[in-house]
Amino acid sequence: KAGVTQTPRYLIKTRGQQVTLSCSPISGHRSVSWYQQTPGQGLQFLFEYFSETQRNKGNFPGRFSGRQFSNSRSEMNVSTLELGDSALYLCASSPGTASLNYGYTFGSGTRLTVV
Amino acid sequence: EDKVVQSPLSLVVHEGDTVTLNCSYEVTNFRSLLWYKQEKKAPTFLFMLTSSGIEKKSGRLSSILDKKELFSILNITATQTGDSAVYLCAVSVAGGTSYGKLTFGQGTILTVHP
């Protein structure tokens, strides 16, 4: 089955602009989580969506937002970009059901550079 | 605050060596510990551990969890250059605020020389 698809792969934006990233999970998976990866902070959790509802949110400012559509595809948006937002943004797909044994499959990420 | 610490942060070995990567954690309401390998971009899943003392194996890789001492190790025997990567340890917790969230360690950068 197809894996987790993230688009675009690379993005260069200017400070102050906004950006939208997309993530299509594995077919049948209803949960999508987003992470920011930087050399200094490592992988940090942004938020998680399940059945079009945000169930969990990390410690990021309100400039970071997301949504999920009825087909489970998710988008995240960053407004008023700052240089520090330059990072690899990863999404992870999982079935989302209450089970001890579900794992998370990651996409290849979107590399965002803010100049 | 949940915390995951990996050691060493980097490791350089030669092909054929055996390596042990460490992961310790301090979390509330532990559910599972996961190991990932990250070569270029996408972390790829290696193991999920939920029970103490049960070793999981996949080829030359194996991992075990100690829930009493709050740590896990990842062993790689007969290393190959293709094992060069960042190895990430992550923990998930149970409870309402845990949905979709993994807390990651800093990662161990493994370099295997021919």
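Conventions adopted
Residues numbered from 1 in each chain as written. Chains lettered and ligands numbered in written order. Predicted model: local features only at pLDDT ≥ 70, side-chain atom pairs only at ≥ 80, totals over all residues. Heavy atoms only, no water. 1 Å grid on protein atoms, 1.4 Å probe; cavity = no way out; pocket = protein on both sides within 12 Å on 5 of 7 lines; lining within 4 Å. Points joined across faces, edges and corners; volume = space filled by probe spheres on them. Helix = DSSP H or I, 4+ residues; strand = E, 2+ residues; numbered from the N terminus. Nonpolar A, V, L, I, M, F, W, Y, C, P; charged D, E, K, R; others polar. Pairing = 2+ DSSP bridges. Axes fitted to C-alpha atoms, helices over the stretch in contact; angles between N-to-C directions. Buried < 20%, exposed > 50% of the residue type's maximum accessible area, 1.4 Å probe, protein only.

1. A short note on the layout of surface pockets
By volume, the largest pocket is sized at about 940 Å³. Taken together, 38 residues form the lining of the largest pocket, with Q41, G42, L43 and Q44 of chain A together with F104 of chain B sitting closest to its centre. Looking at the lining of the largest pocket, the elements that each hand over two or more residues are strand 4 (31-38), strand 5 (42-50) and strand 6 (53-57) of chain A together with strand 1 (3-7), strand 9 (85-93) and strand 10 (103-104) of chain B. Top contributing element to the lining of the largest pocket by residue count: strand 9 of chain B, with five residues. Across the lining of the largest pocket, the residue classes tally to 14 nonpolar, 17 polar and seven charged.

2. Describing the sheet that holds strand 8 (residues 74-78) of chain A
Residues and elements named next belong to chain A. Strand order in the open sheet made by the four strands is 1-3-8-7, with antiparallel pairing throughout. Each edge of the open sheet carries a strand with a single partner, namely strand 1 (5-7) and strand 7 (64-68). With direction set aside, neighbouring strand axes in the sheet form an average angle of 20°. Bridging between strand 1 and strand 3 (residues 19-24) involves three bridges; their strand directions are antiparallel. Directly across from Q6, in strand 3, lies its bridge partner C23.

3. Quick notes on the pairing of strand 4 of chain A
For a regular strand, side chains alternate in direction, first toward one face of the sheet and then toward the other. All names here are of chain A. The buried fraction of strand 4 is high, at eight of eight residues. Residue alternation in strand 4 divides its side chains into two sets, S31, S33, Y35 and Q37 and V32, W34, Q36 and T38, and both sets are buried. In this sheet, strand 5 lies alongside strand 4 in antiparallel orientation, the contact comprising eight bridges. Across the sheet, the residue bridging to W34 is F47, located in strand 5.

4. Thoughts on the sheet that holds strand 1 of chain B
Residues and elements named next belong to chain B. Reading across from one edge, 1-3-8-7-6 is the order of the five strands in this open sheet, with antiparallel pairing throughout. Every interior strand has two partners, whereas the edge strands, strand 1 and strand 6 (56-58), have only one. Here the average twist between neighbouring strands, direction ignored, is 15°.

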